[in-house]
Protein chains: 2
Amino acid sequence: MGRNKYYFGVDVGGTVIKIGLVDRSANVIEKASFLTKHYSSKRKIITQLSRAVMDITKSVGRRPIGGLGVGMPGLVDFDSGIVHNLTNMKGWKEVKLSKILKEKTGLPVLVDNDVNAITQGEFIFGAGKGAENMICIALGTGIGGGIIINRRLYRGSSFSAGEIGHFSIDKNGPLCNCGSYGCLERYIGNRYFTNYVAEKIQTRNEKTKILELADNDFFKITPEIIAGAAKQGDRLACEVWREFALKLGIVTAGMINFLNPDTIVIAGGLSMAGRALFKPLGETLEKFTLKNALAKVKIKQAELKENSGIIGAASLFFSL
Amino acid sequence: MGRNKYYFGVDVGGTVIKIGLVDRSANVIEKASFLTKHYSSKRKIITQLSRAVMDITKSVGRRPIGGLGVGMPGLVDFDSGIVHNLTNMKGWKEVKLSKILKEKTGLPVLVDNDVNAITQGEFIFGAGKGAENMICIALGTGIGGGIIINRRLYRGSSFSAGEIGHFSIDKNGPLCNCGSYGCLERYIGNRYFTNYVAEKIQTRNEKTKILELADNDFFKITPEIIAGAAKQGDRLACEVWREFALKLGIVTAGMINFLNPDTIVIAGGLSMAGRALFKPLGETLEKFTLKNALAKVKIKQAELKENSGIIGAASLFFSL
């Protein structure tokens, strides 16, 4: 964990795989990325990834490299470096990723769940700096979470801690991919949320900036657009963010009551909605959280932006 | 923390205060108790409590006593031994209980929340033995919780961790004492549950063993009676336990997903319902918990019975 060393951070996603070399101050000094779909198998992805690591290693010359951290979108045994399975990428079952990458690159390798990596990154370099106990909530296609307890990442008894997206907020709600019903993610996961908004616009038949910003194409509605419309004061956009915040807030309040953390970090694409999300979220927390626990906790927006996955993965090597 | 020493455990409740001397194998070798309402102020309670401790100390002769552990029904700063406030006992605000008891008894004193004490007791001597990460859920007048992380009691950033009773399971539900709405405790806390059952019987106007066991007096219905009726196969009793289990189970499933513990201990009076509660609870968890997390966790009934508060409080001095 040499102070002058550099660490690779790899952010594996269903769409893009990003690789970056990171210094101990979280500067990404060299970067590469490729589209996941261009590689037809996990073997080819791993080969391409290793090649990118070796290319960057050459290009940066004699800089000492301390290790390679990888964030994977699924269940990972951090201790053994085995990827048990991935949510949206087929063929990744019981892959000894740490061992394989170590052989291919000659570097020490740490593999973890991607949200754990982001949590560690925010804790060491971002909005969670100085936290003792923290929950990081990642809002994206999935709704994930990471937990810091006593200034260390807490992974749980079988490496799946932090799953807040599958908290059922309506026992009679719609079936979720996970097999349960009415999961939080089933309402506020990226696609579910945008679909909900599109349907609401159609049902209401009300003029809204959302549709204007999406070129009047329902399929072009994104969380960014809904956020943009809310920023312009659009009534319907503000309303759907309030609904989003209420659902997220009830579960977050429960987690604050339960874990009594000092910090909550809201990360992921949808956190960029800013005030349209954070204001009603604050109101929901005010209503549903125990006074003592609420008084102690700070609700923050993630600070690491487009490189959060890379920095997080590299920071698996760092502890305070 | 001498292996041959004895420790006092004090279980302070709104109804009864129990004092016991406990050995390192969780045997309660001497015991006393008094009714809380017989003492008109906190000063008198503390005096009576100290007197009981001194009496037992004398009666057991030359046995070495290592300390005095106290479980209080409310918010306690464990580090300073200050009781911030108690839920059902007036006048207890910012009481330096640890300091006062130390002066009165000459013993080292540890003061904690009562559910934390029970959690520690179950972890060291009861159903949680061998756990690495565990949640103890105490079902009583209130619905409380305690958390063990990495084989240590986790108290949170302001000593209120474990509060699962105030998870809102219905945002439009009834107002709770805590100021929030639709809290779990508001449905399955002792009194709320028995009231619900009494009302259900009245509405249904259906023959039930519950009423028979309560001498046809709605005010005599207790959780024990509802449990007894369920054991005899009473339809309505089984039904209300299923409803109880569904509400408890949804929140418990969420906590298992979130913390990924290896052990859940269900403690408190209502846990004695046995199969009438545990069977539908298991079914609810099956439905609402992520497979990986569910596969790892054992759901257990608390093992320490009538002395759980005393043993738990004494065990605040013990760690593994």
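Keep in mind that what you see is a predicted model, and the values were worked out from it rather than measured. (Residues numbered from 1 in each chain as written. Chains lettered and ligands numbered in written order. Predicted model: local features only at pLDDT ≥ 70, side-chain atom pairs only at ≥ 80, totals over all residues. Heavy atoms only, no water.)

**Student:** Before we go on, may I ask you to explain the interface of chain A and chain B in this structure?
**Tutor:** Accessible area lost during the coming together of the parts is what is often quoted as the interface size. With 42 residues of chain A in contact, the opposing surface of chain B contributes 42 residues. Between chain A and chain B the total buried area reaches about 3,600 Å² when both faces are included, carbon and sulfur atoms providing 64% of it. Contact with chain B buries surface across chain A, with A:S157, A:F167 and A:F258 losing the most and accounting together for 20% of the total. If you look at where chain A meets chain B, you find zero salt bridges. (Contact = heavy atoms within 4.5 Å. Buried area = accessible area lost by both parts, 1.4 Å probe. Salt bridge = Lys/Arg side-chain N within 4 Å of Asp/Glu carboxyl O.)

**Student:** Which parts of the structure should I look at to understand the side chain of B:Q120?
**Tutor:** All names here are of chain B. Secondary-structure assignment places Q120 in helix α3 (residues 114-125). We classify Q120 as buried; its relative accessible area is 7%. Among the polar contacts made by the side chain of Q120, one reaches the main-chain carbonyl oxygen of F318 at a distance of 2.6 Å. If we skip the residues at most four places from it in the chain, Q120 touches I148, L153, S315, L316 and F318. (Helix = DSSP H or I, 4+ residues; strand = E, 2+ residues; numbered from the N terminus. Buried < 20%, exposed > 50% of the residue type's maximum accessible area, 1.4 Å probe, protein only. Polar contact = N/O pair within 3.5 Å; in protein donor to acceptor, adjacent residues only side chain to side chain.)

**Student:** Help me understand helix α7 (residues 223-231) of chain B in this model?
**Tutor:** Note on helix geometry: an α-helix contains 3.6 residues per turn, so any two residues three or four positions apart are oriented the same way. All names here are of chain B. Taken together, the buried positions of α7 are occupied by P223, I225, I226, A227, A229 and A230. For α7, the secondary structure elements touched by its buried residues are α5 (190-204), α6 (209-213), α8 (235-259) and α9 (275-288). Just downstream of α7, G233 is the residue with a positive phi angle, here 85 degrees.

**Student:** Sorry if this is basic, but what is going on with the pattern of salt bridges here?
**Tutor:** With the rule as written, the count across this model stands at 18 salt bridges over all chains. Between A:E206 and A:R235 there is a salt bridge, with its nearest N and O atoms 3.1 Å apart. A residue pair is termed long-range when its members are at least 10 positions apart, and A:E206 in the loop between α5 (190-204) and α6 (209-213) and A:R235 in helix α8 (residues 235-259) qualify at 29 residues. A salt bridge links B:D112 to B:R155; the shortest N-O distance between them is 2.7 Å. With B:D112 in strand β8 (residues 109-113) and B:R155 in the loop between β11 (152-154) and α4 (185-188), the pair connects residues that are 43 residues apart, well separated along the chain. Ionic contacts of the salt-bridge type, sharing partners, join the residues A:K200, A:R204, A:E206, A:R235, A:E239 and A:E243 into one network.

**Student:** Would you take a moment to explain the sheet that holds strand β5 (residues 74-77) of chain A for this structure?
**Tutor:** By way of backbone hydrogen bonds, the strands of a sheet pair with one another, either parallel or antiparallel. Residues and elements named next belong to chain A. Strand order in the open sheet formed by three strands is β5-β6-β7, with antiparallel pairing between adjacent strands. Edge positions in the open sheet fall to β5 and β7 (93-95), since each of these has one partner strand only. Within the sheet, the average angular offset between the axes of one strand and its neighbour, ignoring direction, is 20 degrees. (Pairing = 2+ DSSP bridges. Axes fitted to C-alpha atoms, helices over the stretch in contact; angles between N-to-C directions.)

**Student:** Explain empty space enclosed by the protein here, please?
**Tutor:** The gaps of empty space that remain are located by a probe, the size of a water molecule, rolled over the atoms. Residues and elements named next belong to chain B. Across all of its chains, the model carries one cavity of 30 Å³ or more by this definition. Computed from the structure, the largest cavity encloses a volume of approximately 40 Å³. Taken together, P223, E224, A227, W241, G269, L270, M272 and A273 make up the full set of residues lining the largest cavity. Take the lining of the largest cavity: its biggest share by element is three residues, from α7. In terms of residue class, the lining of the largest cavity is built from six nonpolar, one polar and one charged. (1 Å grid on protein atoms, 1.4 Å probe; cavity = no way out; pocket = protein on both sides within 12 Å on 5 of 7 lines; lining within 4 Å. Points joined across faces, edges and corners; volume = space filled by probe spheres on them. Nonpolar A, V, L, I, M, F, W, Y, C, P; charged D, E, K, R; others polar.)

**Student:** Mind showing me how you'd approach unusual backbone geometry here?
**Tutor:** Trans is the prevailing form of peptide bonds, just as negative phi is the prevailing case for residues other than glycine. The phi angle at A:N216 is positive, at roughly 60 degrees, despite the residue not being glycine. Structurally, the position occupied by A:N216 is in the loop between α6 and α7 (223-231). Residue A:N216 is classed as exposed on the basis of its relative accessible area of 60%. Residue B:R151 is not a glycine yet carries a positive backbone phi of 65 degrees. You can see B:R151 is positioned in the loop between β10 (143-149) and β11. Exposure remark for B:R151: the relative accessible area of 31% places this residue in the partly exposed category.

**Student:** Is there a simple way to explain the packing of helix α1 (residues 42-59) of chain B against helix α2 (residues 97-105) of chain B in this structure?
**Tutor:** Pairs of packed helices are described in terms of their axes, by the angle between the two and the distance that separates them. Residue and element names in this part refer to chain B. At a closest axis distance of 10 Å, the pairing of α1 and α2 adopts a crossing angle of 45 degrees. Compared by their axis directions, α1 and α2 come out oblique. Here α1 runs over α2; the crossing is right-handed. Of the residues in α2, those in contact with I46, T47, L49, S50, V53 and M54 of α1 are L97, I100, L101, K104 and T105. (Parallel < 35°, antiparallel > 145°, perpendicular 65-115°, else oblique. Left-handed = near helix turned anticlockwise from the far one by under 90°.)

**Student:** Can you help me understand α9(B) in this one?
**Tutor:** Residue and element names in this part refer to chain B. Taking 1.5 Å per residue as the helical rise, α9 with its 14 residues ought to reach 20 Å, and the 19 Å between its terminal C-alpha atoms agrees with that figure. Turning to α9, its buried residues number three or more, namely A276, L277, F278, P280, L281, T284, L285 and F288. Looking at the buried residues of α9, the elements they touch are β9 (134-139), α7, α8, β12 (263-267), α10 (291-296) and β13 (298-301). (Expected span 1.5 Å × (residues − 1).)

**Student:** I would appreciate a short explanation of the pairing of β9(B) in the present structure.
**Tutor:** Consecutive side chains along a regular strand alternate between the two faces of the sheet. All names here are of chain B. Taken across its six residues, β9 has six buried, putting it largely inside the fold. The two faces of β9 match: M134, C136 and A138 on one face and I135, I137 and L139 on the other face are all buried. Examined bridge by bridge, β9 and β10 share six bridges and lie antiparallel to one another. Counted as the bridge partner of I135 is I147 from β10. Linking β9 to β10, which pair antiparallel, is a turn of three residues. For β9 and β12, the ladder comprises five bridges, and the chain directions are parallel.

**Student:** What is the right way to look at the nonpolar core in this model?
**Tutor:** Buried together is how nonpolar side chains tend to be arranged in soluble globular proteins. In this structure, A:L139, A:I210, A:W241, B:L139, B:I210 and B:W241 are the most contacted members of the largest nonpolar core, which totals 104 residues. In contact with A:W241, other than residues within four places in its own chain, are A:F193, A:P223, A:I226, A:A227, A:A230, A:L270, A:A273, A:A276, A:L277 and A:P280. (Core = buried A, V, L, I, M, F, W, Y, C linked by side-chain atoms within 4.5 Å.)

**Student:** Quick question: what am I supposed to make of a positive patch on the surface here?
**Tutor:** All names here are of chain A. Taken together, the side chains of R43, K44, R51 and K104 make up a positively charged region of the molecular surface. Per-element accounting of the positive patch gives the leading share, three residues, to helix α1 (residues 42-59). Mapped onto the elements of the fold, K104 is located in helix α2 (residues 97-105). (Patch = residues over 30% accessible without salt bridge, like charges linked within 9 Å, V, L, I, M, F, W, Y side chains within 5 Å. Areas by Shrake-Rupley, 256 points an atom, 1.4 Å probe, with all protein chains shown as cover. Lys, Arg positive; Asp, Glu negative; His and termini not counted. Charge placed at Lys NZ, Arg CZ, Asp CG, Glu CD.)

**Student:** Which parts of the structure should I look at to understand the relation of the copies chain A and chain B?
**Tutor:** The two chain copies are connected by a rotation around an axis plus a translation along it. Mapping chain A onto chain B is achieved by rotating through 180 degrees and translating by 0.0 Å along the same axis, at an RMSD of 0.0 Å. Within this description, the copies of the chain are treated as partners about a two-fold rotation axis. By C-alpha distance to the rotation axis, the residue of chain A lying nearest is A:I169, at 3.5 Å. Taken as a fraction of all interface residues of chain A, those also at the interface in chain B reach 100%, which identifies the copy contact as same-surface. (Least-squares fit on C-alpha atoms with pLDDT ≥ 70 in both.)

**Student:** Hey, could you run me through the environment of A:I29 in this one?
**Tutor:** Residue and element names in this part refer to chain A. By the element assignment, I29 lies in strand β3 (residues 28-35). Considering only alpha carbons, one finds I29 and I56, 27 residues apart in sequence, at a separation of 9.8 Å. Dropping the residues within four chain positions of it, I29 is found in contact with Y6, L21, D23, V60 and R63.

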